[in-house]
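# Results of the structural survey
As a plain string of letters, each chain reads:
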Amino acid sequence: MKPYLIKTSNNPAIDSTAIYAKYFTLRDMAFYGKYEKDELPAILISRFGVEVSIDKTQIVGEPIHLSNGIVYIMKKVDVPLIKRLLTTKLEGEDNKGFYNTGRNSIYYRERREPLLDTLYTDLCVLNPGSALPWITYSAKDFYSTKYKVYWRAINEQTNIFQQRVSLYGKSEIVNKITNFTDLIVEFPYINVGLNSYQEVLIGEFTLTKARDIDFISLIGANNNTNGNNSLTLDYLKFVPVLK
């Protein structure tokens, strides 16, 4: 995990990368539930969503029974990196903030997808009343690697509009105006097609250090005309790429 959890420390005696790599390894060795040896399933899912295959032939000695579970000591546990490096998915309706638009222009919609006949919830901004409406999100524990970024955005209008995504690490208020700083990547504007339910690859970016990203922003067009400055988002996906 070390190449994917590169960290720096102000103290040269502290290896932050090693500390984080150990933590991210250990945290996926704990699971909900209490299983006797003969009850252990072939696969367990950690609290963080990592799928771990359980080979009972690798268990050493007797189980250690505790008040809140059982500890098994194992000679080996193989978890491929492809399963360790989890995709970060942000649901459109789970936004943290908004700018250049009023709350009454933000809609949290429940919709039924026609082809699959399944329900989904998304966010849309209609008639924001100004150019460049912003919706912000945040997420923790991005790895130090390349990411492919996808969105699913359903446009139910009669016209095509554009929106884009930008990633910032910080914000500051100057003269009562919020400015986003520490730019990580700014993707170009992309057309949001009519009534499309497909994922769209919007771009790639690379992080040289593992970090949280506090301001993941969905930004509307620099246009004052309602209908052309709309926003819509079912979800964003950040898919880490193996080195």
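Everything below is about the structure printed above this text.
Residues numbered from 1 in each chain as written. Predicted model: local features only at pLDDT ≥ 70, side-chain atom pairs only at ≥ 80, totals over all residues. Heavy atoms only, no water.

## Some details on the overall build of the chain
Per the secondary structure count, the chain includes two helices and 17 strands. Contacts spanning at least 24 positions in sequence make up 70% of the contacts within the chain whose residues lie at least 6 apart. In the form shown here, the chain has an accessible surface area of approximately 13,700 Å², with 51% of it arising from carbon and sulfur atoms. Separation between the mean location of the 29 positive side-chain charges and that of the 26 negative ones in the chain comes to 5 Å. (Helix = DSSP H or I, 4+ residues; strand = E, 2+ residues; numbered from the N terminus. Contact = heavy atoms within 4.5 Å. Areas by Shrake-Rupley, 256 points an atom, 1.4 Å probe, with all protein chains shown as cover. Lys, Arg positive; Asp, Glu negative; His and termini not counted. Charge placed at Lys NZ, Arg CZ, Asp CG, Glu CD.)

## A word on a nonpolar patch on the surface
Together, Val60, Ile64, Leu66, Val71 and Ile73 make up an exposed nonpolar region whose accessible area comes to about 370 Å². The set of elements that each furnish at least two residues to the nonpolar patch consists of β3 (59–66) and β4 (69–74). When residues in the nonpolar patch are grouped by element, the largest group, three residues, is from β3. Note that isoleucine 73 resides in strand β4. (Patch = residues over 30% accessible without salt bridge, like charges linked within 9 Å, V, L, I, M, F, W, Y side chains within 5 Å. Salt bridge = Lys/Arg side-chain N within 4 Å of Asp/Glu carboxyl O.)

## Some points on the nonpolar core
Of all hydrophobic cores here, the largest spans 37 residues; its most connected members are Trp151, Val165, Leu167, Phe205, Ile216, Leu236 and Phe238. Of all the elements, strand β9 (residues 134–142) adds the most residues to this core, at four residues. With residues up to four places along the chain from it excluded, the contact list for isoleucine 216 reads Leu90, Ile135, Thr136, Tyr137, Ser138, Ala139, Phe142, Val165, Ser166, Leu167, Leu236 and Phe238. Within the second largest apolar cluster, nine residues are counted, among which are Leu40, Ile59, Ile70 and Val79. (Core = buried A, V, L, I, M, F, W, Y, C linked by side-chain atoms within 4.5 Å. Buried < 20%, exposed > 50% of the residue type's maximum accessible area, 1.4 Å probe, protein only.)

## Some thoughts on unusual backbone geometry
At asparagine 100, a position not held by glycine, the phi torsion is positive, near 55°. Within the fold, asparagine 100 resides in the loop between β6 (97–99) and β7 (106–113). We note that leucine 132 has phi near 55°; this positive angle belongs to a residue other than glycine. Its place among the elements puts leucine 132 in the loop between β8 (118–125) and β9. On the basis of relative accessible area, leucine 132 is assigned to the partly exposed category, the value being 26%.

## With respect to the sheet that holds strand β16 (residues 231–233)
If you trace the three strands from one edge of the open sheet to the other, you get β7-β8-β16, paired in antiparallel fashion. What marks the edges here is a single partner per strand, and that holds for β7 and β16. This sheet shows a mean twist of 30° between the axes of neighbouring strands, independent of strand direction. Relative to β8, β7 runs antiparallel, the two being bridged by eight bridges. Looking at the pairing, glutamate 110 lines up with threonine 121 of β8. (Pairing = 2+ DSSP bridges. Axes fitted to C-alpha atoms, helices over the stretch in contact; angles between N-to-C directions.)

## Comments concerning the sheet that holds strand β14 (residues 200–206)
Across the sheet, which stays open at both edges, the four strands sit in the order β5-β17-β10-β14 with antiparallel pairing between neighbours. Of all strands in the sheet, those bounded by a partner on one side alone are β5 (88–91) and β14. Between one strand axis and the next, the sheet turns by 20° as a mean value, whatever way the strands run. Bridge count between strand β10 (residues 146–152) and β14: six bridges; the pairing is antiparallel. In the strand pairing of β14, valine 149 is matched with glycine 203.

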